[in-house]
Amino acid sequence: MTVEQNVLQPGGAAKHQQTFLNQLREITGINDIQVLQKALKDSNGNLELAVAFLTAKNAKVPQLEEATYYQTALPGNDRYISVGSQADTNVIDLTGDDKDDLQRAIALSLEESNRAFRETGITDEEQAISRVLEASIAENKASLKRTHPEVWSDSPNPYDRKRQDNCPVGLKNVGNTCWFSAVIQSLFNLLEFRRLVLNFNPPANAQDLPRNQKEHRNLPFMRELRYLFALLVGSKRKYVDPSRAVEILKDAFKSNDSQQQDVSEFTHKLLDWLEDAFQIKAEEERDGEKPKNPMVELFYGRFLAVGVLEGKKFENTEMFGQYPLQVNGFKDLHECLEAAMIEGEIESLHSENSAKSGQEHWFTELPPVLTFELSRFEFNQALGRPEKIHNKLEFPPILYLDRYMHKNREITRIKRDEIKRLKEYLTVLQQRLERYLSYGSGPKRFPLVDVLQYALEFASSKPVCTSPVDDLGASAPASGTLPPQIPPSTIEQQGPSSSDVPSTSPVQRSVIHKPFTQSRIPPDLPMHPAPRHITEEELSVLEGCLHRWRTEVENDTRDLQESISRIHRTIELMYSDKTMVQVPYRLHAVLVHEGQANAGHYWAYIYDHHQNRWMKYNDISVTKSTWEELERDSFGGYRNASAYCLMYINDKEQYLIQEEFNKETGQMLVGMDTLPSDLRDYVKEDNKRFEKELEEWDAELAQKAQQEKLLSQIPRAPAPSPAPVQAGEPEYLEQPSRTDISKHLKEDSVQAINKALAEQEDRGPEAIMDTAIKLEYTRLLKLAQEDPPPECDYRLRHAIVYFIQNQAPKKIIERTLLEQFGDHNLSFDERCRNIMKVAQAKLEMIKPDEVNMEEYERWHQDYRHFRETTMFLMVGLEFFQKKSYMEALLYLIYAYQNNKELLSKGPYRGHDEELISHYRRECLLKLNEHAAALFESGDDQEVNNGLIIMNELIVPCLPLLLVDEMEEKDIVAVEDMRNRWCSYLGQEMEPNLQEKLTDFLPKLLDCSTEIKGFNDPPKLPSYSTHELCERYARIMLSLSRTPADGR
């Protein structure tokens, strides 16, 4: 492959200098062309010295420019140009603290990379990839030796690994290979690419070809990629193992270094390898014509670079694959593209004898598949390490690229000039508007409309003839009665003591701060300050002026805001005319990275063009998704997750996503029918092996069931009776039914009956019962209308209080009261027994259409749910106060989930959601700290215990905290927990600790909000109503005496 160039002006020296500048930019991360040129000039063209100048501790840190310059081909390199690729930035380890070692490494790397390429034909970029691949395979092998279940271990039950219907197949993470899964799935779901790979036939004379390292690698890799794609098409497994494809890549190079792979870097090299493989086949099949490589046709385009370099005009035609875009400083994809297409002083393109440099880029040929690499990592010169850019960047599902095409460059330049003029005018308008909205000369500024309104209100207030101090003379205390003035802070800290402030002195009691009462304004004082003297004539003139000025300011402000909105709309619609929407590209895949620059997790959102929906491919998990979820995880600025690579496809080239049809029958081919015969046989064999696993599992289960049946027939000795439960320790039983709860109401019912008998002793049982019910209802209504402190929740005392507060139907309340007085617990004496019989008779007289029994049962079920939630909360808080955080967590989790379900039906159905959320969050944070401390100890047993806490308790709970975007504190807590573990990445540690950390982090950093199943709810103690209220009051009182820790 060659770089097609047509250099009109600059000579060979300029090209050589540009090559050095590009190398400097890649090594140092500095994009300021003037800084790089100065360093090269000061070092007399010595690249090593230039790097030393730029990376020295006292070097001036330049501000990274928003636009990136494109790389040119290195001498002796015949590869297509990679447009500003970040691939080479990982060749040299720039994360160390020793600057001398850093400079030596840079110099050695530059020498070694050129020498290694000449000797082996393998670039240092490819060697960096091999190090990671080898580490990934080693990690996968090491994981087989571990005793504890790891992040990606297979379930022993093959039915858990069985593919459901035609659900897409996932890819197993074989050790830090989420980058591999994300890229492969994105390409596999591009149907034209899938067909090219599946139908690839190795050249017939492959054995006669020179067996250098590249050719030894590419063809076997293509074979394994075909097998992998075939399994993704027809496997009966939920996910497949890509280890063999990764193993091929690992075997191609040898190194011991370990780091997680970069998606754009891997995509770039993967396409290169595929291109080489297809090139061999294309050259074999050519018939006197220049061979066409399908990978080049699919993924590579051309752009024209027109510019001025040191006053000389030039024009280059270059080929590109992945197109790099800077993120920092831009809000959307079009702004990134505009900055990438215009570099330097573009005015110099149209002027003569200018020494300034600048260039414009115009697409002359776009590839069917256009990939944008979003540069979200930058090198921090001060800290000596890369950092991730978390800024928000929006991108559309349909991208129109007409404005960047060479054929439209004249109209685009006109529109760009118009947009520039509009933006300059917009800046002036916004500055003028700001003067209206922030008026004043001091540090505090206010809207001018409000200032005029305040002046108008002051002038219109009722005049007063006394000073604001004199009119308080009548109410002021007598001289000598007040103690010496004490600063308010002292009063608040010390409070009034019994000796200093006698309780009998009403004057001295007034210094005590009483919120809600002391700040009330006496009714005889004016609400606002007012002018002391103003005549009607003065007031009339002033009001007229202020009214007129306020109206003028309002009109001016409205005109400015409308003009600004109009300009924004004009800019937005600048490229919406028909001539500029002829090149539509549809978003096909978004590759997302969650984490920091030195570690993280990758997954992909891929559009299903036939089902018209987004799918989320997260290693073995493949789930339906939405554009809203994609926005949240991909735009950035919200959490540590953001898009790192965007794959768009030409919306007019339907062959890219079109299914294959049988040429004879015209029917669409699906599944195994799309595979060549050799791959069909391969998949069938793998499916047979999996079916055998299922059969063996079924046989094993059947054998176990038979053994259990035989054991159950063997007579056993009677089990010893259980030991009595100690006093004070509640038994853990099923929750009491409504009948059990009614036993606790006996005392309330008897008390109401006794009151009714005292009032109407000579009346019959029915009248006494009616009176008793009215008395009981009045009592409960009063409790329901009170606003008690948190420790005194009357809803726990009686279901009727709960029903009244939640506006239950009257018939539900009446039947509940009848059941209370018709309960068998009232049969202990003659009077109560008569009341009970009357109530039971009335219950029997209620017709089915009078009370909806299904609704009645729902209300009582909700009340039992409320009591259960209360017990989850109470027990969880008790464990929390005992610092038994592992025990407390599950109770608080269920308390929060149950409470959320209750509150969805009404605000008084459950408890304070913020309180439960706070202690659930605190519990997770404390467990995270404990697990991190165990990990830091370095002891194998302690480290394993810490990771068990994380894997079994904390990680499954994270989706619960992330599912509600409104809970900002929960999201911050999740980020704190993740950052705590990410902080270990830059630290030196034992290899086994590093291995466990890299194995655990992808699971912690998984941004999925899919709620995973928990264990069964913990059993709850069986409390009477009195015991429940007492323990609940005790725990809530203890919380009120404890600092809220920011709650």
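Residues numbered from 1 in each chain as written. Predicted model: local features only at pLDDT ≥ 70, side-chain atom pairs only at ≥ 80, totals over all residues. Heavy atoms only, no water.

Under an unreviewed UniProt entry, the name given to the protein is Ubiquitin carboxyl-terminal hydrolase 25, and the source organism is Lonchura striata. On record in UniProt, under Catalytic activity (unreviewed entry), the comment for the protein is "Thiol-dependent hydrolysis of ester, thioester, amide, peptide and isopeptide bonds formed by the C-terminal Gly of ubiquitin (a 76-residue protein attached to proteins as an intracellular targeting signal)." One UniProt comment on the protein, placed under Function (unreviewed entry), says "The muscle-specific isoform (USP25m) may have a role in the regulation of muscular differentiation and function." (UniProt positions renumbered as here; feature names shortened; annotations may be inferred.)

**What to know about the overall build of the protein**
In terms of regular secondary structure, the protein is built from 32 helices and 16 strands. Each of the 1047 residues in the protein was classed as buried or not, and the buried ones make up 47%. Restricting the contact set of the protein to residue pairs at least 6 apart, pairs at least 24 apart contribute 74%. When the accessible surface of the protein is split by element, carbon and sulfur atoms take 50% of a total near 55,300 Å². (Helix = DSSP H or I, 4+ residues; strand = E, 2+ residues; numbered from the N terminus. Buried < 20%, exposed > 50% of the residue type's maximum accessible area, 1.4 Å probe, protein only. Contact = heavy atoms within 4.5 Å. Areas by Shrake-Rupley, 256 points an atom, 1.4 Å probe, with all protein chains shown as cover.)

**Describing the nonpolar core**
The biggest cluster of nonpolar side chains holds 98 residues, and the ones touching the most others in it are Phe803, Leu877 and Trp981. Look past the residues within four positions of Phe803 in its chain and what remains in contact with it is Ala808, Ile812, Ile813, Thr816, Trp859, His860 and Tyr863. Within the second largest apolar cluster, 65 residues are counted, among which are Phe229, Leu231, Ala245 and Cys645. (Core = buried A, V, L, I, M, F, W, Y, C linked by side-chain atoms within 4.5 Å.)

**Some remarks on unusual backbone geometry**
Positive phi is not limited to glycine here, since Gln807 has a value of about 55 degrees. Mapped onto the fold, Gln807 is located in the loop between α23 (799-805) and α24 (810-821). Residue classification places Gln807 among the exposed positions, given a relative accessible area of 70%.

**Some remarks on the packing of aromatic side chains**
With the rule as written, the count across this model stands at 33 aromatic pairs. Both rings, one in Phe372 and one in Tyr648, keep their centres 6.0 Å apart while their planes meet at 70 degrees; by these two values the pair is edge-to-face. Of this pair, Phe372 sits in strand β8 (residues 369-375) while Tyr648 sits in strand β16 (residues 641-650), and the two are 276 residues apart along the sequence. Each of the two residues, Phe372 as well as Tyr648, counts as buried. Here the aromatic cluster, defined as three or more aromatic residues joined through ring pairs, consists of Phe303, Phe320, Tyr323, Phe363, Phe372 and Tyr648. Cation over ring: Arg194 sits above Phe188, and NZ or CZ is 3.9 Å from the ring centre. (Phe/Tyr/Trp six-rings, centres within 6.5 Å; stacked < 30°, edge-to-face > 60°. Lys NZ or Arg CZ within 6 Å of the ring centre and 35° of its normal.)

**Some thoughts on the pattern of salt bridges**
Evaluation of the coordinates by the stated rule reveals 40 salt bridges. A salt bridge links Glu224 to Arg223, with the nearest nitrogen and oxygen atoms 3.8 Å apart. On the accessibility criterion, Glu224 (6% relative accessible area) is buried. For Arg689, the salt bridge is made with Asp686, and the minimal N-O distance between the two is 3.3 Å. Taken together, the positions of Arg689 and Asp686, both in helix α19 (residues 677-712) and three residues apart, correspond to about one turn of that helix. On the accessibility criterion, Arg689 (44% relative accessible area) is partly exposed. Each member of the salt-bridge network shares a partner with another, and the members are Arg161, Arg237, Asp686, Arg689 and Glu693. (Salt bridge = Lys/Arg side-chain N within 4 Å of Asp/Glu carboxyl O.)

**Remarks on the pairing of strand β15 (residues 621-625)**
Note: strand β14 (residues 613-618) against β15, five bridges, orientation antiparallel. Paired with Tyr617 across the strands is Val622, a residue of β15. (Pairing = 2+ DSSP bridges.)

**A closer look at the packing of helix α28 (residues 913-937) against helix α30 (residues 968-982)**
Their axes nearest at 10 Å, the elements α28 and α30 cross at an angle of 0 degrees. Relative to α30, α28 is oriented roughly parallel. Here Glu914, Ser917, Arg920, Arg921, Leu924, Leu925, Asn928, Glu929, Ala931, Ala932, Phe935 and Glu936 of α28 lie close against α30, whose contacting residues are Lys969, Asp970, Ala973, Met977, Arg980 and Trp981. Class assignment of the residues belonging to the contact of α28 with α30 gives a composition of eight nonpolar, two polar and eight charged. (Axes fitted to C-alpha atoms, helices over the stretch in contact; angles between N-to-C directions. Parallel < 35°, antiparallel > 145°, perpendicular 65-115°, else oblique. Nonpolar A, V, L, I, M, F, W, Y, C, P; charged D, E, K, R; others polar.)

**Regarding helix α12 (residues 333-341)**
Along an α-helix, residues three or four positions apart point the same way, because every turn accommodates 3.6 residues. In terms of residue burial, α12 counts as a mostly covered element, since seven of its nine residues are buried. Of all the residues in α12, the buried ones are Leu333, Cys336, Leu337, Glu338, Ala339, Ala340 and Met341. Where α12 begins, one side-chain oxygen reaches toward the backbone nitrogen of His334, 3.2 Å away; that side chain belongs to Asp332. (Polar contact = N/O pair within 3.5 Å; in protein donor to acceptor, adjacent residues only side chain to side chain.)

**Concerning helix α6 (residues 178-188)**
Of all the eleven residues making up α6, eleven are buried; the element is thus mostly covered by neighbouring parts of the structure. All buried positions along α6 are accounted for by Cys178, Trp179, Phe180, Ser181, Ala182, Val183, Ile184, Gln185, Ser186, Leu187 and Phe188.

**Things to note about the side chain of Glu975**
Tracing the sequence through the fold places Glu975 in helix α30. Discounting chain neighbours no more than four positions away, the residues touching Glu975 are Glu594, Arg639 and Asn640.

**Remarks on the packing of helix α22 (residues 765-785) against helix α25 (residues 830-845)**
When two helices pack together, you describe them by how their axes are tilted relative to each other and by the distance separating the axes. Contact geometry for α22 and α25: axes closest at 9 Å, N-to-C directions at 80 degrees. With respect to α25, the axis of α22 lies roughly perpendicular. On the side of α22, the interface is formed by Pro765, Glu766, Ile768, Met769 and Asp770, while α25 contributes Asn834, Ile835, Val838, Ala839 and Lys842.

**Describing the environment of His865**
Looking at the element boundaries, His865 is found in helix α26 (residues 853-881). Judged by relative accessible area, His865 falls into the buried class, the value being 14%. Those residues in contact with His865 that lie beyond four places of it in its chain are Asn898, Glu901 and Leu902.

**Here we look at a nonpolar patch on the surface**
On the surface, Phe661, Met668 and Val670 cluster together into a nonpolar patch covering about 280 Å² of accessible area. Tracing the sequence through the fold places Val670 in the loop between β16 and α19. Overall, the relative accessible area of 46% leaves Val670 in the partly exposed class. (Patch = residues over 30% accessible without salt bridge, like charges linked within 9 Å, V, L, I, M, F, W, Y side chains within 5 Å.)

**A word on the state of the cysteines**
Evaluation of the coordinates by the stated rule reveals zero disulfides. Looking at the unpaired Cys957, the closest cysteine sulfur is the one in Cys923, lying at 8.8 Å. Exposure remark for Cys957: the relative accessible area of 2% places this residue in the buried category. (Disulfide = S-S within 2.5 Å.)

**Details of the pairing of strand β12 (residues 584-596)**
Among the 13 residues that make up β12, eleven are buried, leaving the element largely enclosed by the rest of the structure. Pairing analysis gives three bridges linking strand β11 (residues 398-400) to β12, with the strands arranged antiparallel. By the bridge assignment for β12, Leu399 is matched with Tyr585. Summarising the sheet, β12 and β16 pair through nine bridges and their orientation is antiparallel. By the bridge assignment, Val592 is partnered in β16 with Ala643.

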